[in-house]
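If you want the building blocks of each chain, they are given just below.
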Amino acid sequence: MPIALEKLDRIAFPMGVMDLSVHSDGLMAYAACMDGIYQCALPVDPKATDKPIPLRIGQHTSYVSGIALMESNSSLVSTSYDGTLQIRDLSTRLASENDKGEVIAPVNATVNATVNATVSVTEAASPKIVELPPRFSQRVHNFWSWGMALSPDERYIASVSGQYLAGAEDYSPLNASEPNVKVFDSTSGKLIHAFEMLPSVQCVAFDPKSQLVAAGNLMGDLAVWEIASGQKLAEWRTPDFTSWGIIKSHCYIGGIYAVAFSPDSESLYAAGMGEMKDPMAGNGKQKWQGFRWRKTPVEKHQEIVADQTGEGLMETLAWTPSGEHFVMAGRLRGGNWNAAVFSTESGQLLGQAKTGMRITTARFSPDGQVLYLAGMQGQPAPKKDSFPGFGYLERYQVKTT
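Residues numbered from 1 in each chain as written. Predicted model: local features only at pLDDT ≥ 70, side-chain atom pairs only at ≥ 80, totals over all residues. Heavy atoms only, no water.

S.K.: Explain the sheet that holds strand S22 (residues 256-261) here, please?
M.R.: By way of backbone hydrogen bonds, the strands of a sheet pair with one another, either parallel or antiparallel. In space, the 4 strands of this open sheet follow the order S22-S23-S24-S25, with antiparallel pairing throughout. A single partner strand is all that each edge strand has here, and the edge strands are S22 and strand S25 (299-303). Taken over all neighbouring pairs, the strand axes of this sheet differ in orientation by 25° on average, direction set aside. Two strands pair when backbone bridges link them, and S22 and strand S23 (residues 267-273) are joined in this way by 5 bridges, in the antiparallel orientation. For Ile 256, the partnering residue across the bridge sits in S23 and is Gly 272. (Pairing = 2+ DSSP bridges. Helix = DSSP H or I, 4+ residues; strand = E, 2+ residues; numbered from the N terminus. Axes fitted to C-alpha atoms, helices over the stretch in contact; angles between N-to-C directions.)

S.K.: Where do I start with the pattern of salt bridges in this structure?
M.R.: Across all of its chains, the model carries 19 salt bridges by this definition. Among the ionic pairs, Asp 221 bridges to Arg 237, the shortest N-O distance being 2.6 Å. Taken together, the residues span a long stretch of sequence, with Asp 221 in strand S18 (residues 221-226) and Arg 237 in strand S19 (residues 232-237) at a distance of 16 residues. Judged by relative accessible area, which is 46%, Arg 237 ranks as partly exposed. Between Glu 303 and Lys 287 there is a salt bridge; the shortest N-O distance is 3.9 Å. Separated by 16 residues along the polypeptide, Glu 303 in strand S25 and Lys 287 in strand S24 (residues 286-292) bring together distant segments of the chain. (Salt bridge = Lys/Arg side-chain N within 4 Å of Asp/Glu carboxyl O. Buried < 20%, exposed > 50% of the residue type's maximum accessible area, 1.4 Å probe, protein only.)

S.K.: Mind showing me how you'd approach unusual backbone geometry here?
M.R.: Both trends apply: most residues other than glycine have a negative phi, and most peptide bonds are in trans. In this model, Pro 199 is joined to Ser 200 through a cis peptide bond whose omega is -10°. Examined against the element boundaries, Ser 200 turns out to sit in the loop between strand S15 (191-195) and strand S16 (201-206). Residue Pro 297 follows Thr 296 across a cis peptide bond; omega there is -5°. Its location among the elements puts Pro 297 in the loop between S24 and S25. Of note in the backbone geometry, Glu 154 takes a positive phi value of approximately 65° without being a glycine. Among the residues examined, Glu 154 registers a relative accessible area of 17% and is labelled buried. With phi around 70°, Tyr 171 is a residue other than glycine that occupies positive phi space. Considering the arrangement of structural elements, one finds Tyr 171 in the loop between strand S13 (156-160) and strand S14 (181-185). The class for Tyr 171 is partly exposed, based on a relative accessible area of 39%.

Below, the structure is given as structure tokens:
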């Protein structure tokens, strides 16, 4: 049954959005951006003329790569390219100042998303800043945190890292100097598990039952661990996402950029880009694959249909709450779409959207009727010592046709 993605609105952020978390009531979004952590009240009416203005509520010392809202205890988790994990309590009331330094309005940063977080700002590229200090901040990786995930039961945080350094004459990666798949207690930040995987590990996901965690890396390796025991349950490699450059750059490139368990936890899906000879071209095929990871050996049972795909790196996967469909999205090099909905049962393309931006994150509303796509479009040169805004959040109505 075909699915239509009808664009509702577009909300601008000062810098590129690298990850996104939206409150279950759909009225507040939290964004991990290149210059910090933002909250933004979402309009009830997408056709409203007054556009919301994001408010920056915190920073790391580098790009913020991951973010997750924990509604159970009103807190916000973030990770960054500086290797740190931060946890912020959102029960604090914040105050904003006008240009004269006068407090003009309190801004409630709790998960009660009915507040007005737009304050007195006229340009999305010049945000008002109200710092909300973290209650927990610790460096958990020696290198970047490439990605972060929060378990569905909100008990665990997972973060992945790893630097690609040539370890042999064939440029295969050097083994990591530390475990680069780590699981933490979401309340205290305490390390629970530290797993080893060949770097760089670029994505991580929990299963719907919060019992398993999986990760994928540059070389097409995938692994699944059981959280309770820390046991590795499966490990395998798919060669279809990794390229060896023979033009301009002689190195490995690509790999798996997103992983997600199926609704029944029995399959693991991976997304990225197909093989290419010129790493600078970015013209590999849009690609996803599904694996029955409990089989011995692991069995690939689904993948994107060849004539339904274009070119470009796919960076995110998300399932509808019903489990009937999933979306894959990323950046477009050539073709008809950079966000598409697929049938879980058949793997067939059901709906698509062609946005002008690189999509880094896709999220569904709890009822599955709204799709949130976040990312960035270009990176403009500075004007008058400041950058024009180039981060965006788009909302789409999901309709069965």
